[in-house]
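Architecture at a glance
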Amino acid sequence: MNLQEYISSGIIESYVLGLASEEERQEFEQLCGQHPELVQARDAFERQLEQQALANAIPPPPAIKAKVWAETGLVSETTQRPVVRMGWMKYAVAASLVLLAGSLFWNLNLQKQNQGIQKDLASAREELNSARQSLAAMEADASVLQKPGMKMAALNGMDASPASYATVYWDTTSKDVYLMVNNLPQPPTDKQYQLWAIINGQPVDIGVLSMSQKPLQLYRMRNTQHAQAFAITLETMGGSPVPKGEMYVMGKL
C-alpha cells in the first residue's frame, strides 16, 4: 500500500467526520496501529478542526471560568483525568456551551452589581442568541454530512496554492453538493472562488463562493447529476462560464 496515496484519498477526513463506513473505519484503525505517520495525520486534521472551531473564542476571567467549571459539572483543565478523544463537532459544541454558560454567568453577576448596565446586557443577550444560532447551524451541518449516500472528495492544493485545501460532499440520492473550505486564502475584493464539477473531462459551473469568516462553514452549491471530480478556480467577481483563472484545489470522488 502507498501510504501517501491512502492519506490523500480523504479517508482521514471521512474517519474524523464520521462519514467512513464500518469497513473503512476498521481498516483505518488497524492501519493506525501499524503506521505512526497515519496517526500523526489524523491528529493534525483533528487539531486543525478544533483550532478553527475555537478561533473566535474569548475565555472568561479565571475566577468566573473556575465557577463555570464547577457549576456545569465539567472537569477543569488542571484536574488530572484520562483524555477521551471526541469528534470535532462534539468538541466544538461542548466548548461553545461552556463559553455560553460563562458569558451568561458573567452577565448575571454584572446585572446584580449594577442595574445601570441594561444596554450592555441587551447586547450580550444578542450575542448569546447569535451563538445559539451558530450552534444550531453546526448541528444541522453535521446531520447533512452524515446522511446515507454521501460521497466526499478531498480537494488538494495545486501549484497556485499548494497549502490550500477544501472538501466537497455530494449527496448521491438528492444530487445536492456541499462545500467546506478548510484552507483557502482570502481572495482580492474584485475576485471570487468558483466551484466546478468535472463531468466527462469537462468543467461545469456549480456556483461561486462568497467567503464567510465563520470557521468550518458549509456552503450549499448547485446540484449536479454526475461528477468524477471537483475543482476550485479564482475568477473575476460574479464568476465565469468557463474556467479562466488559476486553479487552487482539485480532487476526485
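What comes next concerns the included structure. (Residues numbered from 1 in each chain as written. Predicted model: local features only at pLDDT ≥ 70, side-chain atom pairs only at ≥ 80, totals over all residues. Heavy atoms only, no water.)

**A closer look at the pattern of salt bridges**
Following the criterion strictly, the structure yields five salt bridges and no others. Of the charged contacts, one joins E22 and R25 as a salt bridge, the two residues approaching to 2.4 Å between their closest N and O atoms. With a gap of three residues between them, E22 and R25 both fall in helix α3 (residues 22-32), about one helical turn apart. Residue class for R25 comes out partly exposed when judged on its relative accessible area of 28%. Across the pair R222 and D205 runs a salt bridge whose closest N-O atoms are separated by 2.8 Å. (Salt bridge = Lys/Arg side-chain N within 4 Å of Asp/Glu carboxyl O. Helix = DSSP H or I, 4+ residues; strand = E, 2+ residues; numbered from the N terminus. Buried < 20%, exposed > 50% of the residue type's maximum accessible area, 1.4 Å probe, protein only.)

**A word on the nonpolar core**
One finds L155, V168, V177, L179, L195, F230 and I232 to be the most contacted residues of the largest nonpolar core, which totals 23 residues. The dominant element in this core, judged by the number of residues it contributes, is strand β4 (residues 191-199), at four residues. When neighbours within four sequence positions are excluded, L195 is seen to be in contact with L155, V168, V177, L179, V204, D205, I206, G207, M221, F230, A231 and I232. Y6, F28, L49 and Y178 belong to the second-largest nonpolar core, a separate cluster that totals 20 residues. (Core = buried A, V, L, I, M, F, W, Y, C linked by side-chain atoms within 4.5 Å. Contact = heavy atoms within 4.5 Å.)

**Quick notes on the packing of aromatic side chains**
Counting across every chain of the model gives two aromatic pairs. Ring geometry for Y15 and F28: centres 4.5 Å apart, planes at 35°, overall tilted. On the criterion of sequence distance, the pair formed by Y15 in helix α2 (residues 11-16) and F28 in helix α3 is long-range, its members being 13 residues apart. Given the relative accessible area of 0%, F28 is considered buried. Plain terms: the ring middles of Y193 and Y248 are 5.4 Å apart, the flat faces sit at 75° to each other, and that makes the pair edge-to-face. Highlighted residues: Y193 in strand β4 and Y248 in strand β8 (residues 247-252), separated in sequence by 55 residues. Look at Y193 and you get buried, because its relative accessible area is 1%. (Phe/Tyr/Trp six-rings, centres within 6.5 Å; stacked < 30°, edge-to-face > 60°.)

**Considering the environment of M221**
By the element assignment, M221 lies in strand β6 (residues 218-221). For M221 and V208, which are 13 residues apart along the polypeptide, the C-alpha to C-alpha distance reads 8.1 Å. Sequence-distant contacts of M221, that is, excluding residues within four places in its chain, are made with V177, L179, L195, I206, G207 and V208.

**Notes on the pairing of strand β5 (residues 202-209)**
As judged from the six bridges shared by β4 and β5, these two strands associate in the antiparallel manner. In the strand pairing of β5, A197 is matched with V204. Turn length for the β4-β5 hairpin, with the two strands adjacent in sequence and antiparallel, is two residues, and the turn residue N200 shows positive phi of about 55°. (Pairing = 2+ DSSP bridges.)

**Concerning the pairing of strand β3 (residues 177-183)**
Two faces make up the sheet, and in a regular strand the side chains alternate between them. Counting buried positions along β3 gives six out of seven residues, so the element sits mostly inside the fold. Bridge analysis of strand β2 (residues 165-171) against β3 gives six bridges, and the strand direction is antiparallel. Looking at β3, one finds that V168 is bridged to L179. In the sheet, β3 pairs with β6 via four bridges, with the strands oriented antiparallel. Within the sheet, the bridge partner assigned to L179 lies in β6 and is Y219.

**Looking at the side chain of D171**
The topology assignment puts D171 in strand β2. Residue classification places D171 among the buried residues on the basis of a relative accessible area of 2%. One polar contact links the side chain of D171 to the main-chain amide nitrogen of T173, over a distance of 2.9 Å. Those residues within four positions of D171 in sequence are excluded, and the remaining contacts are K147, P148, G149, M150 and D176. (Polar contact = N/O pair within 3.5 Å; in protein donor to acceptor, adjacent residues only side chain to side chain.)

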